[in-house]
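Summary of the model geometry
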Amino acid sequence: MIHHPALIAEARTAWRTFVRRRTAVVFTFVFPLLLVVIFGALVTTDPGDGGLFTEPTVYYVPGYLAVVVMFTPLSRIGAEVIRHRDANRFEQLSTTPLSRADWLLAHTLVNIVLVGFACAIVLGVLWVGTGVAVRPSLGLVLFIAVGVTMFCGIGACLGRVASTQDGVIAAANTLAIPMLLLAETFVPPRMLPAWFQPFVDVMPLTPFSRGVRTVVEGGAGWGADLLLLAVLALVFLVIGAHLLPRVD
Amino acid sequence: MEPAVAIEDVSHRYGDVDALRSVSLTVPAGEIVGLIGPNGAGKTTLVRIMCGVIKPMTGAVTVFGHEPRDLDPGAIGLLPQAFSPPGRLTGRELIQYYRDLSGASRSVDDVLAAVGMTAADDRWYERLSGGQQRRLCVGSAIVNDPKLVVLDEPTTGIDPAGRQRIWSLLKQLRDDGHTIVVTTHDMAEAAALSDRVALLAGGALVAVDHPDALIDRHGGTARVRIEPAEPLAPEVIDDLAVDVSSHNGTYELVGLEPYQLADVIGTLATAGVSFRRITWQEPTLEDVYHELAGNSK
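As a starting point, this report considers the structure included with it.

Conventions adopted
- Residues numbered from 1 in each chain as written.
- Chains lettered and ligands numbered in written order.
- Predicted model: local features only at pLDDT ≥ 70, side-chain atom pairs only at ≥ 80, totals over all residues.
- Heavy atoms only, no water.
- Helix = DSSP H or I, 4+ residues; strand = E, 2+ residues; numbered from the N terminus.
- Buried < 20%, exposed > 50% of the residue type's maximum accessible area, 1.4 Å probe, protein only.
- Contact = heavy atoms within 4.5 Å.
- Areas by Shrake-Rupley, 256 points an atom, 1.4 Å probe, with all protein chains shown as cover.
- Lys, Arg positive; Asp, Glu negative; His and termini not counted.
- Charge placed at Lys NZ, Arg CZ, Asp CG, Glu CD.
- Pairing = 2+ DSSP bridges.
- Axes fitted to C-alpha atoms, helices over the stretch in contact; angles between N-to-C directions.
- Parallel < 35°, antiparallel > 145°, perpendicular 65-115°, else oblique.
- Left-handed = near helix turned anticlockwise from the far one by under 90°.
- Nonpolar A, V, L, I, M, F, W, Y, C, P; charged D, E, K, R; others polar.
- Salt bridge = Lys/Arg side-chain N within 4 Å of Asp/Glu carboxyl O.
- Core = buried A, V, L, I, M, F, W, Y, C linked by side-chain atoms within 4.5 Å.
- Patch = residues over 30% accessible without salt bridge, like charges linked within 9 Å, V, L, I, M, F, W, Y side chains within 5 Å.
- 1 Å grid on protein atoms, 1.4 Å probe; cavity = no way out; pocket = protein on both sides within 12 Å on 5 of 7 lines; lining within 4 Å.
- Points joined across faces, edges and corners; volume = space filled by probe spheres on them.

Before going further, it helps to spend a moment on the overall build of chain B. Helix and strand counts for chain B stand at 10 helices and 13 strands. C-alpha extents for chain B along the principal axes are approximately 75 × 45 × 35 Å. The buried share among the 297 residues of chain B stands at 51%. A fraction of 68% describes how many contacts in chain B between residues 6 or more apart in sequence connect residues 24 or more apart. Here chain B displays about 13200 Å² of accessible surface, and carbon together with sulfur accounts for 47% of that area. Each charge sign in chain B was given a centre, from 26 positive and 41 negative side chains, and these centres are 8 Å apart.

Here's what the structure looks like:
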């Protein structure tokens, strides 16, 4: 059962504690910007040449957004679970009306807002640096919000499995980096062997990439990808909330 | 009157380790009960079971007549062992956070005043002293005005003045009708604070009673400690006519009645023994602890 006042209190506190950590704020926004600057502006693309980074710049927009939509929730939620567990906060919270689902939802809300800002900055830098203007749309907002929700659920699972914050970061990287490269983000599927395609299809990031690409290219028919992403988000959120520990 | 906590034949294991073995304990409403025992005795496990954080493998626990997890969440205020709250929040924001979490009616100012933190309410938690931090943590456990307050080592790291303040607060809460369970390694604290003390050792409840009753039963007799200027000669020790043990130049005389103290001093004076210090020591809860749990692991 969702307990709204407790959820709001948790979300407000999570937001406060994040924005007061200057290094966390800086690196949350600088990391994706570096990627955009490197691959969007410094690396010269040559559309049609057939190699890496030879697609039109707009092709890579899902990849740039995936950096923040995937990495930020995975590492932040995973590390937050470890911090809460080490400080016995879950133990105390278990005697309050805040359920484990409330806790995860509260931190998911914070991540949606945070990643929303980061995505806006990424798109702004992309526009300034490459001239590619991606107009905000309902579809884009929905994909970002649902994508963040899914990776918050996965982050909670990682937080349960890993025993330290270092472990969470390592696990997040192990999970995210292959997806960032292969889930129809930076490497077009035609460059991968045919036998690998089924793996691409089952990557949780793939519906995000396909849907966002359709949205930014102005196409229709992204509803199916959004629905699939939403189902995955719900499944991982439920599993993640269930796995949140009560005690160390 | 319905007990605040009723624990019946509770056992719990972690892997191959027996954390609790057939523990039964009743905590009457409106009392302070101190849980003492060596590290690994099962105190924290019992606290967690009492609060519904974990379920016992066998046995039953009720808090105010209900299973802990069926209680209104605001009924219990828990301060876990080695707890630290979210950082980058001021003392006031922290108490406000826990107040908002529980939807409590108790004001933030009231809680800050109760734990003596009004003057430092605008400083970030991590910039407070260890004692101030711990007092805020206690505040986080009572902000929801719970009927049962469970504090796992609440005074660890607090200076004597701060500890006294926490004791006064807990006694005030008890006088207001709250039930309080406190774990501690400080026997003086347990004796000063508790209406009853429960001693756990090796996962079993070894004794439970009023501190004075436990001391009467298990504390042994009073002792006299003598620190002579020179080691006592064997014939002087014989003349004392009581059990004497020595350690690092200090002699401990056991089994004396108060009126025999004059005889001891007289014997030493007759033998020409000068001494730096002579002290009379009544048995304490620490003696009970060593007697009943001293060798347990």
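Once that is clear, we can look at the pairing of strand 5 (residues 76–79) of chain B. All names here are of chain B. Because side chains alternate across strand 5, one face comprises the buried residues Ile76 and Leu78, and the other comprises Gly77 and Leu79, equally buried. As defined by bridge partners, strand 5 adjoins strand 6 (residues 148–152) across four bridges and the pair is classed as parallel. In the sheet register, Leu78 faces strand 6, and the bridge partner there is Val150.

Quick look at the sheet that holds strand 1 (residues 5–14) of chain B now. All names here are of chain B. Across the sheet, three strands lie side by side as 2-1-4; this open sheet has antiparallel pairing. Only two strands of the sheet have a single neighbouring strand rather than two, namely strand 2 (17–27) and strand 4 (58–63). Mean inter-strand twist for the sheet, computed between neighbouring axes without regard to direction, equals 25°. Where strand 1 lies against strand 2, seven bridges are found, and the strand directions are antiparallel. Paired with Val10 across the bridge in strand 2 is Val23. Against the sheet, helix 1 (residues 43–50) touches strand 1, strand 2 and strand 4, its axis set at about 125° to strand 1.

Residue and element names in this part refer to chain A. Orientation of helix 6 (residues 138–161) relative to helix 9 (residues 206–216), taken along the N-to-C sense of each, is 165°, at an axis distance of 9 Å. Classified by the angle their axes make, helix 6 and helix 9 are roughly antiparallel. Once helix 6 is placed against helix 9, the crossing between them reads as left-handed. Across from Gly139, Leu140, Phe143 and Ile144 in helix 6, the residues of helix 9 making contact are Pro207, Phe208, Gly211, Val212, Val215 and Val216. Here the contact of helix 6 with helix 9 is built from residues that sort into eight nonpolar, two polar and no charged.

Applying the stated criterion to the full structure yields 20 salt bridges over all chains. Note that Glu80(A) and Arg83(A) form a salt bridge whose closest N and O atoms lie 2.7 Å from each other. On the criterion of helical spacing, the pair formed by Glu80(A) and Arg83(A) is a turn pair, its members being three residues apart in helix 3 (residues 61–86). The partner of Arg225(B) in a salt bridge is Glu252(B), with the nearest N and O atoms 2.7 Å apart. Note that Arg225(B) is positioned in strand 10 (residues 223–228) and Glu252(B) in strand 12 (residues 250–254), a separation of 27 residues in sequence. By relative accessible area, Arg225(B) is classed as partly exposed at 30%.

Leu65(A), Met70(A), Leu140(A), Phe151(A), Phe208(A) and Leu170(B) are the most contacted members of the largest nonpolar core, which has 103 residues in total. Here this core gets 12 residues from one element, more than from any other, and that element is helix 3 of chain A. Apart from residues no more than four positions distant in its own chain, Leu170(B) is found in contact with Ile32(B), Leu151(B), Ile180(B), Val182(B) and Leu193(B). Counting 30 residues, the second-largest nonpolar core is a separate cluster that includes Val33(B), Leu71(B), Leu148(B) and Val181(B).

Residues and elements named next belong to chain A. Together, Val26, Phe27, Val30, Leu34 and Ile38 make up an exposed nonpolar region whose accessible area comes to about 440 Å². With respect to the helices and strands, Ile38 occurs in helix 2 (residues 22–42). Owing to a relative accessible area of 36%, Ile38 belongs among the partly exposed residues under this scheme.

Looking at the largest pocket, its volume works out to about 840 Å³. Every element with two or more residues in the lining of the largest pocket is listed here: helix 1 (4–19), helix 2, helix 3, helix 5 (100–130) and helix 7 (165–182) of chain A. Here the residues of the lining of the largest pocket are counted per class, giving 24 nonpolar, 11 polar and seven charged. Lining the second largest pocket are 24 residues, with Ser94(A), Thr96(A), Leu98(A), Arg246(A) and Pro73(B) positioned closest to its centre. Every element with two or more residues in the lining of the second largest pocket is listed here: helix 4 (89–93) and helix 5 of chain A.

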